[in-house]
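# Chain and residue survey
What follows is each chain in one-letter form.
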Amino acid sequence: MTYDPEHPDADAEGYVRTSNVDPIKEMVDLMSATRSYEANVTAMNASKSMFMKALEIGK
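Because the structure is a prediction, the values reported are computed rather than measured.

In terms of helices and strands, the chain carries one helix and two strands. Of the regular secondary structure in the chain, the N- to C-terminal order runs β-β-α. Rg of the C-alpha trace for the chain: 26 Å, well past the compact-globule value of 10 Å for 59 residues, more than 25% over. Overall, the C-alpha framework of the chain stretches about 80 × 10 × 10 Å when taken along its three principal axes. Relative to its 59 residues, the chain shows a buried fraction of 5%. Total accessible area on the chain stands at roughly 5600 Å², and carbon and sulfur atoms take up 60% of it. Counting 6 positive and 10 negative side-chain charges, the chain places the centres of these two groups 26 Å from one another.

Under the counting rule described, the total for this entry stands at one salt bridge. The salt bridge partner of D29 is K25, with a shortest N-O separation of 3.2 Å. Note that D29 and K25 are positioned in helix α1 (residues 23-58) at a spacing of four residues, about one turn of the helix. A relative accessible area of 37% places D29 in the partly exposed class.

A separate point is the packing of aromatic side chains. Enumeration according to the criterion identifies one aromatic pair in this entry. Judged by centre distance (5.4 Å) and plane angle (65 degrees), the ring pair of Y3 and Y15 falls under edge-to-face. Taken together, the residues span a long stretch of sequence, with Y3 in strand β1 (residues 2-3) and Y15 in strand β2 (residues 15-16) at a distance of twelve residues.

Each value, and the rule that gives it
Residues numbered from 1 in each chain as written. Predicted model: local features only at pLDDT ≥ 70, side-chain atom pairs only at ≥ 80, totals over all residues. Heavy atoms only, no water. Helix = DSSP H or I, 4+ residues; strand = E, 2+ residues; numbered from the N terminus. Rg over C-alpha atoms; globule rule 2.2 N^0.38 Å. Buried < 20%, exposed > 50% of the residue type's maximum accessible area, 1.4 Å probe, protein only. Areas by Shrake-Rupley, 256 points an atom, 1.4 Å probe, with all protein chains shown as cover. Lys, Arg positive; Asp, Glu negative; His and termini not counted. Charge placed at Lys NZ, Arg CZ, Asp CG, Glu CD. Salt bridge = Lys/Arg side-chain N within 4 Å of Asp/Glu carboxyl O. Phe/Tyr/Trp six-rings, centres within 6.5 Å; stacked < 30°, edge-to-face > 60°.

Given below as structure tokens:
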């Protein structure tokens, strides 16, 4: 809550209620999490491929 009695959304005491969520920060966090997930999936697929090749060599 911020004190701004001239704001059109101010309550009777002059306080304006605003969101505590920063959409830009949340979007950056979302993009970072998405890229981390993609990197982990790529690493798992690469290790799976290497293990399969090792099994083929061992036959």
